[in-house]
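Single-letter residue listing:
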Amino acid sequence: MQVKSILTADQFTRSDLDLILNKTALIESLLKNHKQLNILNEYILATMFFEPSTRTRLSFESAMHRLGGRVVTAVGMQFSSLAKGETLFDTLKVLESYADICAIRHPVEGASTVAAKSISIPVINAGDGAGEHPTQAILDLYTISVYKDIIHKKIKVGFVGDIKYGRTIHSLIKLLSKYNASFIFISPSEIGLPDKYKEALTNQNIEYKETSDIDALAECDVGYITRIQEERFLDHSTFEKFKDLYIINKNLLKKCREDIIIMHPLPRLNEVSTEIDQMPQAVYFKQAEYGLYSRMTLLLYVTGLLDKLDAFK
Ligand code: CP
């Protein structure tokens, strides 16, 4: 098997992304007639999740099942031999003989890159601390592409909330930078975009601005809000200070473009009012659904088997 890990959104070229979006749309349409696309029958996916997750782990596992493959899983440090003092390297080394693909979520930034260097099967970064979440960014990009013409038109994306620790935002900025997009980062400066991402945008001549004013969402085609990442704050009082600062509700949407889409990687706390759940602008549950199709594409991408989809057309 050709080994292709997914570690950072940086690794994708525009043509990789266009291919992934096309194949994801194909999978979405194929699943209307097929419950299963049996391509990965001989493969086992290991989901190694050392931080909480609902969507990422379950959509990866569901994606593997829908592709005819099987899954083994380790959830939570306390239920693996890491709790007995085993190193991550030893855990992964053993895993190599049990599975063909490893999706890992770990609290330490860069953990998946270390994992990929340690073992010979493809490693998928399913979230590494405050670093990145590249597969979430792929499903986010797919969601935007469903609602907006990102190929032919320029879009303005407003990111709201915890932009410092929001790893989904870090990865999505990198992917959208390959398209015609500009950004507004809406947050207090204490939890604003880290300098390294700003420098990357400046170096690519990508237009962006920073503000703490939520009304800036009125200019945007896409509003992408995240929860304040409580688990990343060393000082709990900072979390308390910011936790309910921005709330997307009907009143705010009245000030926005009628065709704005509101995205959230979920889980949400109070930052998106449930009163907008039924409004056409609210696409966050569709976004989570698109995680299934996107992750099916990515499992085929890492195994080099994307072409096998053609047999189902
Ligand atoms: N969006 C996301 O990563 O959700 P989970 O933490 O539930 O996997």
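Please read these numbers as outputs of a predicted model, since none were measured by experiment.

K.L.:
What is the right way to read the sheet that holds strand 1 (residues 44–49) from this model?
P.N.:
Reading across from one edge, 2-1-3-4 is the order of the 4 strands in this open sheet, with parallel pairing throughout. Each edge of the open sheet carries a strand with a single partner, namely strand 2 (70–75) and strand 4 (123–128). Between one strand and the next, the sheet's axes are offset by a mean angle of 15°, whatever the strand orientation. Bridge analysis of strand 1 against strand 3 (residues 101–106) gives 5 bridges, and the strand direction is parallel. Following the sheet pairing, Phe49 is matched in strand 3 by Arg105.

K.L.:
Could you clarify how one ought to interpret the environment of Pro265 in this entry?
P.N.:
Inspection of the secondary structure assignment puts Pro265 in the loop between strand 9 (261–263) and helix 10 (284–303). Put simply, Pro265 and Asn125 are 140 residues apart on the chain and 16 Å apart in space, counted from C-alpha to C-alpha. Setting aside residues up to four positions removed in sequence, Pro265 forms contacts with Arg55, Gln136, Thr168, Tyr224, Ile225, Thr226 and Gln287.

K.L.:
I would appreciate a short explanation of the packing of aromatic side chains in the present structure.
P.N.:
How two aromatic rings sit relative to each other is set out by the distance from centre to centre and by the angle between their planes. Using the criterion set out here, one finds 9 aromatic pairs in the structure. Clustering of aromatic rings is evident, with ring pairs tying together Phe159, Phe183, Phe185, Tyr208 and Tyr224. We note Lys4 situated over the ring of Tyr301; from NZ or CZ to the ring centre the distance is 4.2 Å. In this arrangement the basic side chain of Arg295 is found over the ring face of Phe60, its NZ or CZ atom lying 5.1 Å from the centre.

K.L.:
Could you clarify how one ought to interpret unusual backbone geometry in this entry?
P.N.:
Excluding glycine, a negative phi dihedral is what most residues carry, and trans is how most peptide bonds are arranged. Cis geometry is found at the peptide bond from Leu266 to Pro267, where omega equals 5°. You can see Pro267 is positioned in the loop between strand 9 and helix 10. The residue Asn205 is not glycine, and still its phi comes out positive at about 55°. A positive phi angle is found at Leu266, which is not glycine, with a value near 65°. Looking at where Leu266 falls in the secondary structure, it is placed in the loop between strand 9 and helix 10.

K.L.:
Got a minute to help me understand the pairing of strand 6 (residues 181–186) in this structure?
P.N.:
Within a regular strand, the side chains alternate between the two sheet faces. Within strand 6, 6 of the 6 residues are buried, which leaves the element mostly enclosed by the surrounding structure. In strand 6, alternate side chains face the same way, and those of Ala181, Phe183 and Phe185 on one face and Ser182, Ile184 and Ile186 on the other are all buried. Pairing analysis gives 6 bridges linking strand 5 (residues 155–160) to strand 6, with the strands arranged parallel. Counted as the bridge partner of Phe159 is Phe185 from strand 6. The handedness of the strand 5 to strand 6 crossover, carried by helix 6 (residues 167–176), is right-handed. Handedness of the crossover joining strand 6 and strand 7 (residues 208–211) through helix 7 (residues 195–203): right-handed.

About the cut-offs
- Residues numbered from 1 in each chain as written.
- Predicted model: local features only at pLDDT ≥ 70, side-chain atom pairs only at ≥ 80, totals over all residues.
- Heavy atoms only, no water.
- Pairing = 2+ DSSP bridges.
- Helix = DSSP H or I, 4+ residues; strand = E, 2+ residues; numbered from the N terminus.
- Axes fitted to C-alpha atoms, helices over the stretch in contact; angles between N-to-C directions.
- Contact = heavy atoms within 4.5 Å.
- Phe/Tyr/Trp six-rings, centres within 6.5 Å; stacked < 30°, edge-to-face > 60°.
- Lys NZ or Arg CZ within 6 Å of the ring centre and 35° of its normal.
- Buried < 20%, exposed > 50% of the residue type's maximum accessible area, 1.4 Å probe, protein only.
- Right-handed = clockwise from strand over helix to strand, strands pointing away.

It is worth stressing that arrangement in space is one thing and function is another; only the former is reported here.
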